[in-house]
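Spelled out, the chains give:
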Amino acid sequence: MPNFAERLQGMTPKETLQAVSALQDAIFSGQLREALETAARLARLVSRDDYFYRLESLAENYKTLLQYAWEGYEDPQRRHILNGISASLLLLADDLKQDLNDQSFPARAAERRALAAEFGDDAAVIAAKVGEIFFQREIDRLLETGNQVPIHVMDRVFRLIWFTGILSPAHQELIRSIGQDSQVLWHEKCLVVSALTMSLLNRFDPGKMILLLEAAESGEDQVSQRALVGVVLGILAYDRRIPLHSELEARIRLASSDESFRSAMEIILMQLLRARETEKITREFEEEVLPEMKKMMPKIEDKLQLTDPSEDEDMEGKNPGWKDIMDEVPGLFEKIEKFSRMQM
């Protein structure tokens, strides 16, 4: 029976994206040899030479590690090296996923091209252009041109951060400077934090998580609350990837040592759980309770004589006989009782 890597050829775009998920699962389960083979097959679908160079380097590192183990050599850095190989493979899987998404959803690629045309491709140039938008407050005040970034400009900055894959050091320093600058308005900082959260959920990057942690500790309530939500969502989305990045894991542990930070995270988690429960209640009501109650409506209408115009006259003071309806319409009381329990 062919293994997973051998079944990749001839897949549809949807199936190929499922293959990327399977590649990630293979990495997390420690099946690095199969993961390397699968990644090589996927790389052929997008025809990027740099992917093959990265794969060759990772395969060589893995081969050397296996050779040392075969020879009985106890390498104290073995776990660290394995984590590094796994983390690099996952980053490559992210790149493959983005390229395959671009093939299936060209609008996303077009949006990135438009942003590149506006801001450029060089990280330092992009950081300088965005910095000019935020850090000319004093000049704007002197010229009396206002102190707020125009909405359409903020929209472009939001999209730029959102669609950025891995933040360069220049990008990180820029976002950090925006968060620390007192001239930047709080709601503009909130937009940057929200864009950073969207970007993190779109593409894993330890640098984004660290920036969100810093924003969560900023002391500005509106900014820190949004950043905390981003941190929680990031941890939930990438709980298996975080242990592969020792610096990020240590940073999260440091933040979690603060009791107020832990309490805030617990509140957010409770709200997320309640939101999921509300969604579950709505779904169960629509799928289970509501259809049964619709079936009962003819009997209820007949009992209450809702379709009889003569009954509209002087209904005040008349008892509709709800107990009799409950008795005569089997299951109605149970359905209503169930819905009431679901909302508690």
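In this text, all values refer to a predicted model and were calculated from it rather than measured experimentally.

Colleague: What's the story with the packing of aromatic side chains in this structure? I'm lost.
Modeller: Geometrically, a pair of aromatic rings is defined through the distance of the ring centres and the angle of the planes. Applying the stated rule across the entire model yields three aromatic pairs. Summarising the aromatic geometry, the rings of Phe158 and Trp162 are spaced 6.1 Å apart at their centres and angled 75° between planes, so their arrangement reads as edge-to-face. Here Phe158 and its partner Trp162 are both found in helix α8 (residues 151–162), four residues apart, which amounts to about one turn of the helix.

Colleague: Even after reading the chapter, I still don't get the pattern of salt bridges, so can you show me in this structure?
Modeller: Pairing is possible between side chains of opposite charge, provided their charged atoms come close. Considering all chains together, one arrives at 17 salt bridges under this definition. The salt bridge partner of Asp25 is Arg240, with a shortest N-O separation of 3.2 Å. In this pair, Asp25 sits in helix α1 (residues 13–28) while Arg240 sits in the loop between α12 (221–237) and α13 (246–256), placing the two residues 215 residues apart along the sequence. Taking the relative accessible area as the measure of exposure, Asp25 reaches 39% and is therefore partly exposed. Owing to a relative accessible area of 45%, Arg240 belongs among the partly exposed residues under this scheme. Where Glu217 meets Arg251, a salt bridge forms, and the shortest distance between an N and an O atom there is 2.7 Å. In this pair, Glu217 is assigned in the loop between α11 (206–216) and α12 and Arg251 in helix α13, connecting sequence segments 34 residues apart. With a relative accessible area of 17%, Arg251 lands in the buried category. Residues joined by salt bridges that share partners form a network here, namely Arg54, Asp94, Asp95, Arg203 and Arg241.

Colleague: Teacher, can you tell me more about the nonpolar core here?
Modeller: The tendency in soluble globular proteins is for nonpolar side chains to be buried side by side. Judged by nonpolar contacts, the single largest core of 44 residues is most densely connected at Val130, Phe134, Leu248 and Phe261. Beyond its immediate stretch of four places on either side in the chain, Leu248 contacts Phe204, Pro206, Met209, Ile210, Leu213 and Ile242. Listed in part, the 29 residues of the second largest apolar core include Ile27, Leu32, Leu58 and Leu82.

Colleague: Help me understand the environment of Asp94 in this model?
Modeller: Along the chain, the position of Asp94 falls in helix α4 (residues 78–104). Under the relative-accessibility criterion, Asp94 is labelled buried at 9%. Note: C-alpha distance between Asp94 and Gly165 (71 residues apart in sequence) is 9.0 Å. Apart from the residues within four sequence positions on either side, Asp94 is in contact with Gln24, Arg203, Phe204 and Arg241. Side-chain polar atoms of Asp94 contact the side chain of Arg241, separated by 2.9 Å.

Colleague: How do you make sense of helix α5 (residues 106–119) when you look at a structure like this?
Modeller: Two residues of an α-helix separated by three or four positions point the same way, owing to the 3.6 residues in each turn. With 14 residues, α5 should cover 20 Å at 1.5 Å per step; its first-to-last C-alpha distance of 20 Å lies within 8% of that length. Within the sequence span of α5, burial applies to Ala109, Glu111, Arg112, Leu115 and Phe119. All buried residues of α5 fall inside an arc of 155° around its axis, so they share one side. Among the exposed residues of α5, those oriented more than 90 degrees off its buried face are Pro106, Ala107, Arg113 and Ala117. On its buried face, α5 is in contact with α4, α6 (123–134) and α8. Immediately beyond the C-terminal end of α5, within one or two residues, lies Gly120, with a positive phi of roughly 95°.

Colleague: Would you mind going over the packing of α6 against helix α9 (residues 169–180) with me for this structure?
Modeller: Geometry of a packed helix pair, given as the angle between the helix axes and the separation of the axes. Between α6 and α9, whose axes approach to 8 Å, the crossing angle comes to 15°. Relative to α9, the element α6 is oriented roughly parallel. Crossing hand, α6 versus α9: right-handed. Across the interface between the two elements, Ala123, Ala124, Ile126, Ala127, Val130, Gly131 and Phe134 of α6 pack against Ala170, His171, Leu174 and Ile178 of α9. Taken together, the residues of the contact of α6 with α9 sort by class into nine nonpolar, two polar and no charged.

Colleague: Just checking my understanding: could you explain the confidence of the model for the protein for this structure?
Modeller: For residues with low pLDDT, the predicted coordinates do not support detailed interpretation. In this model, the protein carries a mean pLDDT of 79, and residues with pLDDT of at least 70 account for 75%. Between residues 1–8, whose pLDDT stays under 50, and residues either more than four places distant or in other chains, the model counts 15 contacts.

Colleague: Looking at this model, I keep getting lost on empty space enclosed by the protein. Mind explaining?
Modeller: A water-sized probe, rolled over the atoms, reveals where empty space remains. Under the definition given, this model contains one cavity of 30 Å³ or more. One number sums up the size of the largest cavity: a volume of about 80 Å³. Lining the largest cavity, in full, are Ile126, Val130, Val157, Leu160, Ile161, Thr164, Leu167, His171, Leu174 and Ile175. Tallied by class, the residues present in the lining of the largest cavity amount to eight nonpolar, two polar and no charged.

Colleague: I would appreciate a short explanation of the packing of helix α3 (residues 49–70) against α4 in the present structure.
Modeller: Orientation of α3 relative to α4, taken along the N-to-C sense of each, is 155°, at an axis distance of 11 Å. Taken together, the axis directions place α3 and α4 in an arrangement best described as roughly antiparallel. The way α3 lies across α4 gives a crossing that is left-handed. Of the residues in α4, those in contact with Tyr51, Arg54, Leu55, Leu58, Asn61, Tyr62, Leu65 and Ala69 of α3 are Arg78, Ile81, Leu82, Ile85, Ser88, Leu89, Leu91, Leu92, Asp95, Leu96 and Asp99. Of the residues belonging to the contact of α3 with α4, the class tally is 13 nonpolar, two polar and four charged.

Criteria and thresholds
- Residues numbered from 1 in each chain as written.
- Predicted model: local features only at pLDDT ≥ 70, side-chain atom pairs only at ≥ 80, totals over all residues.
- Heavy atoms only, no water.
- Phe/Tyr/Trp six-rings, centres within 6.5 Å; stacked < 30°, edge-to-face > 60°.
- Helix = DSSP H or I, 4+ residues; strand = E, 2+ residues; numbered from the N terminus.
- Salt bridge = Lys/Arg side-chain N within 4 Å of Asp/Glu carboxyl O.
- Buried < 20%, exposed > 50% of the residue type's maximum accessible area, 1.4 Å probe, protein only.
- Core = buried A, V, L, I, M, F, W, Y, C linked by side-chain atoms within 4.5 Å.
- Contact = heavy atoms within 4.5 Å.
- Polar contact = N/O pair within 3.5 Å; in protein donor to acceptor, adjacent residues only side chain to side chain.
- Expected span 1.5 Å × (residues − 1).
- Arc of directions from axis to C-beta.
- Axes fitted to C-alpha atoms, helices over the stretch in contact; angles between N-to-C directions.
- Parallel < 35°, antiparallel > 145°, perpendicular 65-115°, else oblique.
- Left-handed = near helix turned anticlockwise from the far one by under 90°.
- Nonpolar A, V, L, I, M, F, W, Y, C, P; charged D, E, K, R; others polar.
- pLDDT = per-residue confidence, 0-100.
- 1 Å grid on protein atoms, 1.4 Å probe; cavity = no way out; pocket = protein on both sides within 12 Å on 5 of 7 lines; lining within 4 Å.
- Points joined across faces, edges and corners; volume = space filled by probe spheres on them.

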